[in-house]
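So the chains spell out like this:
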Amino acid sequence: MIDNQEFMVEGYPRELTQNPLRKIWMPCKNGHIAHRRVCMTNCPTLIVTVGLPARGKTYISKKLTRYLNWIGVPTKEFNVGQYRRECLKIYKSFEFFRPDNEEGLKIRRQCALSALNDVRQYLSVEGGQVAVFDATNTTRDRRRTIIMFAEQNGYRVFFVESVCEDPEVIAQNIVQVKLGNPDYIDCNSDEAIKDFMKRIKCYESSYQPLDEVLDRDLSYIKIMDVGRRYLVNRVVDHVQSRIVYYLMNIHITPRSIYLCRHGESDLNIKGRIGGDSGLSDRGKEFAKRLRNFLQEQNIKNLKVWTSQMKRTIQTAEILGVSYEQWKSLNEIDAGVCEEMMYEEIQERYPLEFALRDQDKYRYRYPKGESYEDLVQRLEPVIMELERQENVLVICHQAVLRCLLAYFLDKTADELPYLKCPLHTVLKLTPVAYGCEVESFCLSVDAVNTQRDRPERL
Amino acid sequence: MMRGCSSRSKLSQNQDRAVCMTNCPTLIVTVGLPARGKTYISKKLTRYLNWIGVPTREFNVGQYRREFVKIYKSFEFFRPDNEEGLKIRRKCASAALNDVREYLTEDGGQVAVFDATNTTRERRETILEFAEQNGFKVFFVESVCEDPDVIQENIVQVKLGSPDYTNCNTEEAVEDFMKRIKCYENSYETLDEVLDRDLSYIKIMDVGQRYLVNRVLDHIQSRIVYYLMNIHITPRSIYLCRHGESELNVKGRIGGDSGLTIRGKEFAKKLSHFIQEQNISDLKVWTSQMKRTIQTAEALNVPYEQWKVLNEIDAGVCEELMYEEIQKNYPLEFALRDQDKYRYRYPKGESYEDLVQRLEPVIMELERQENVLVVCHQAVLRCLLAYFLDKTAEELPYLKCPLHTVLKLTPVAYGCKVESISLNVDAVNTHRERPANVNVQRTAEDALQTVPPHL
């Protein structure tokens, strides 16, 4: 969505001109094209986590930040623990967190303020739209401070509380993300766990969860027992609604996502982009190897998704399993350049070719799409991938780049140049705060369809 | 969102799958005292699910009761000690569940909405057993509200006009209905966080101020929750119109990205006056990313947002052709389109079915918003209108959406009031009715019978 708030002038209707890169029609005054940002809300949003240690706050913060950035909402997380580590340098023990440790309290308050200062910088000066303030924020008093800070600066506040009493979940959390934490570098597992459990205890007595009555005027989501139950209060705008929807669809059940392109196609061999051709002989060979690979992987309840283009469907057919076709997984629409070779595009549309290299993410083919458009159309796929468990997605180069960028937190700048060769399967497994990626080349030759960022523009 | 599992031609086994969202049918069960918006929610949810392609039907137990009892005398029928009344009400619930079973198991339905008070745990237990026996997933939607103003408004909007109260005056009807509510209150067992912790449900509190969501199991339940959390009942109006007449319109060509004709610009000016006269508070204006809608919005001299997903249906290889040229160059495609205009996809283009999928986020945001003007295109407008007016896939592609006409939609009771306001600026007619002969062997004359006149 683009809005034109900045340019209400007299003398309407204004002349329109089409931005040559993004193919967006905009009013132009004296030949000058107004610059607009994608905006979802009127004022910045401050997301504030709430919860005892080891309740998944940082996991949620990082994941949410990754998702929002991917869909085009500039977001940054601010982890107060990080600030504390930078201030303290060396972590000694849980004693630092004791509620009667005056020195500790002073430092922790300072760190929170320092983080809030950076939040203000990000949202008011640097053009950020959402800031995620990741800390325990377990007392009403601390939350009050944050709300006042937000009010002063014109930010909307949305709380995300995680409540969990399942000892197994908490233990698993500690093992996955706390043991490797800089705080516990010099400890063995047992010592670390013991110390961390005492750390949690320091917060427990003063913990004031978000209350249905006392906090009825706040906007928040309370996530209970890792997503079994949710309480949602006063969602006030679009971005909060999307955040709630996202948070309600993610889970932490272990699983793997397999991503690959269709087997090599006839148009691939001819060096032509787009189109709807079938598999070459080598492409069919890849599909057979893919079938063997999947059997070896012995995946439980694997779902297989394809696009609605012949080459991905042919690939899935050779697997001999049931699959679902998604139109939104179709390759990027190259518009007038469909089925052309790069050499032909250079010859017939040299300006377009150059513009694409200038900003490959935002560049929209005439009568076609941009990577930016692709991300928008792939969002429901990402949402459903979050809901699912083991899935194999057979898709296309540009589509795969977009999906990969989501999982591996790549920027818009990096996304269009991610290497996604044919006949290679990427296995993504969520681990700690991110995604482990294994690349399996199935040893079937194929043309290289990667066109790197040119040196000279 | 539809995952378009269906393939369109040359099928062998395993490919021809219907749009499928869940493995087994879903039974949505409303819970709540009278006048808490259960039927409003049931009807709206049913409309939404059908629009996105999930065959859904609602079963209102009150309807069954009205058909059985014929004449409603008074609230006494609902007294908890009225044995006769209880017997009839239990029978009606069973009859409705029977129809649910038929719909979900034999008629190809995917979601059934069982709309009744269902305020006791016992009644809900009966339903759960029924669902288990038949392999249906159950999702409860409870509406809890104690705001007397909201309840009053509800009664005025939808109860006074009910067949139950045809022969009463307003005061009598309200009095009786309040007593009816009282009959349920004592035995009301709300969904409980502990006792009902294994059930899947959403509890909507105070008309959407707060929600409690428990155990969402699958995609469709997740979509239902998202939808219910985005709707509201604040009065507002949605204005829908097409761009002003375009250069390609007058040439009888479809698609493309042309600018407005002089008449089109005239319409835009009149639209600006119309909007001002309507005196709408906080109007949001949305356009597509095509020149003709943006030019139209520019004339309004207000801020607007461009949505790519509001772009006109992509006619693929037929872009910018006249119908006569399509008939000449692609007679088979032309005939196929007339055979099933909703599902027909242009080669390298889209179908109406695809359009609905891409417009779903627009509908979701329209539900969130208040006063909005959407300046869009013929096929897009048909899809949006079909959602608001509950039109079927068969009707949708033939809805009349002439140029230079504004449709004003205002939610009222269980549906939408629609006013059609022509701004009295001449324009070509772009509406092509389904011709009598849709056979692929038909003559060009038969095919072009219904093409509207153009330059």
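Residues numbered from 1 in each chain as written. Chains lettered and ligands numbered in written order. Predicted model: local features only at pLDDT ≥ 70, side-chain atom pairs only at ≥ 80, totals over all residues. Heavy atoms only, no water.

A. Local environment of the UniProt feature "active site" (unreviewed entry) in chain A. Residues and elements named next belong to chain A. Those residues carrying the UniProt feature "active site" (unreviewed entry) are H262 and E331 in this numbering. Annotated residues spanning 70 residues; largest pairwise C-alpha distance 10.7 Å, indicating a single compact cluster. With respect to the helices, strands and loops of the structure, H262 is situated in the loop between strand 11 (257–261) and helix 8 (266–269). Those residues in contact with H262, other than ones at most four positions away along the chain, are N268, F286, R311, T312, T315, I394, C395, H396 and L422. Separated by 3.3 Å, the side chains of H262 and R311 make a polar contact. Looking at where E331 falls in the secondary structure, it is placed in the loop between strand 13 (324–325) and helix 11 (342–348). Owing to a relative accessible area of 13%, E331 belongs among the buried residues under this scheme. In contact with E331, other than residues within four places in its own chain, are M309, R311, E369, R377, H396, Q397, A398 and V399. (UniProt positions renumbered as here; feature names shortened; annotations may be inferred. Helix = DSSP H or I, 4+ residues; strand = E, 2+ residues; numbered from the N terminus. Contact = heavy atoms within 4.5 Å. Polar contact = N/O pair within 3.5 Å; in protein donor to acceptor, adjacent residues only side chain to side chain. Buried < 20%, exposed > 50% of the residue type's maximum accessible area, 1.4 Å probe, protein only.)

B. Geometry of the UniProt feature "binding site: substrate" (unreviewed entry) in chain A. All names here are of chain A. According to UniProt, the feature "binding site: substrate" (unreviewed entry) maps to R261, H262, G263, E264, S265, D266, L267, N268 and R311 in the numbering used here. Maximum C-alpha separation among the annotated residues is 14.0 Å over a sequence range of 51 residues, consistent with a single clustered spot. As for its placement among the helices and strands, R311 is situated in helix 10 (residues 310–319). Of the residues examined, R311 reaches a relative accessible area of 4% and is grouped as buried. Here R311 is in contact with H262, G263, S265, G274, G275, D276, S277, L279, E331 and H396, once residues within four sequence places are set aside.

C. Highlighting the confidence of the model for chain A. All names here are of chain A. Per-residue pLDDT for chain A averages 93, and the proportion of residues at 70 or more is 94%. This stretch, residues 4–9, has a pLDDT under 50; its non-local contacts, to residues over four places away or in other chains, come to 19 contacts. Confidence over residues 31–40 falls short of pLDDT 50; this stretch has 26 contacts with residues more than four positions distant or in other chains. (pLDDT = per-residue confidence, 0-100.)

D. The pairing of strand 8 (residues 284–287) of chain B, seen in detail. All names here are of chain B. Note: strand 8 against strand 10 (residues 372–376), 4 bridges, orientation parallel. By the bridge assignment, V285 is partnered in strand 10 with L373. Where strand 8 and strand 9 (residues 305–306) come together, 2 bridges link them in parallel fashion. Residue pairing in the sheet places T287 in a bridge with Q306 of strand 9. (Pairing = 2+ DSSP bridges.)

E. The environment of R261 of chain A, seen in detail. All names here are of chain A. Counting through the fold element by element, R261 comes out in strand 11. Sequence-wise, R261 and Y220 are 41 residues apart; in three dimensions their C-alpha atoms are separated by 40 Å. Those residues within four positions of R261 in sequence are excluded, and the remaining contacts are N268, F286, I394, C395, H396, Q397, L400, C420, P421, L422 and T449. A distance of 3.3 Å separates polar atoms of two side chains, one belonging to R261 and the other to Q397.

F. Quick peek at the interface of chain A and chain B. Counting from both sides, the interface comprises 55 residues of chain A and, opposite them, 55 residues of chain B. When chain A packs against chain B, close to 4,800 Å² is buried across both sides, 47% of that on carbon and sulfur atoms. Put simply, chain A and chain B have 6 salt bridges between them. For K308 of chain B, the salt bridge is made with D373 of chain A, and the minimal N-O distance between the two is 4.0 Å. Where chain A touches chain B, the interface holds 19 residue pairs in polar contact (both at pLDDT 80 or more). Elements supplying a minimum of two residues to the side of chain A that touches chain B: strand 1 (2–3), strand 2 (16–18), strand 3 (25–29), strand 10 (229–233), helix 7 (238–247), strand 13 and helix 13 (371–387) of chain A. Here the side of chain A that touches chain B is composed, by residue class, of 23 nonpolar, 13 polar and 19 charged. (Buried area = accessible area lost by both parts, 1.4 Å probe. Salt bridge = Lys/Arg side-chain N within 4 Å of Asp/Glu carboxyl O. Nonpolar A, V, L, I, M, F, W, Y, C, P; charged D, E, K, R; others polar.)

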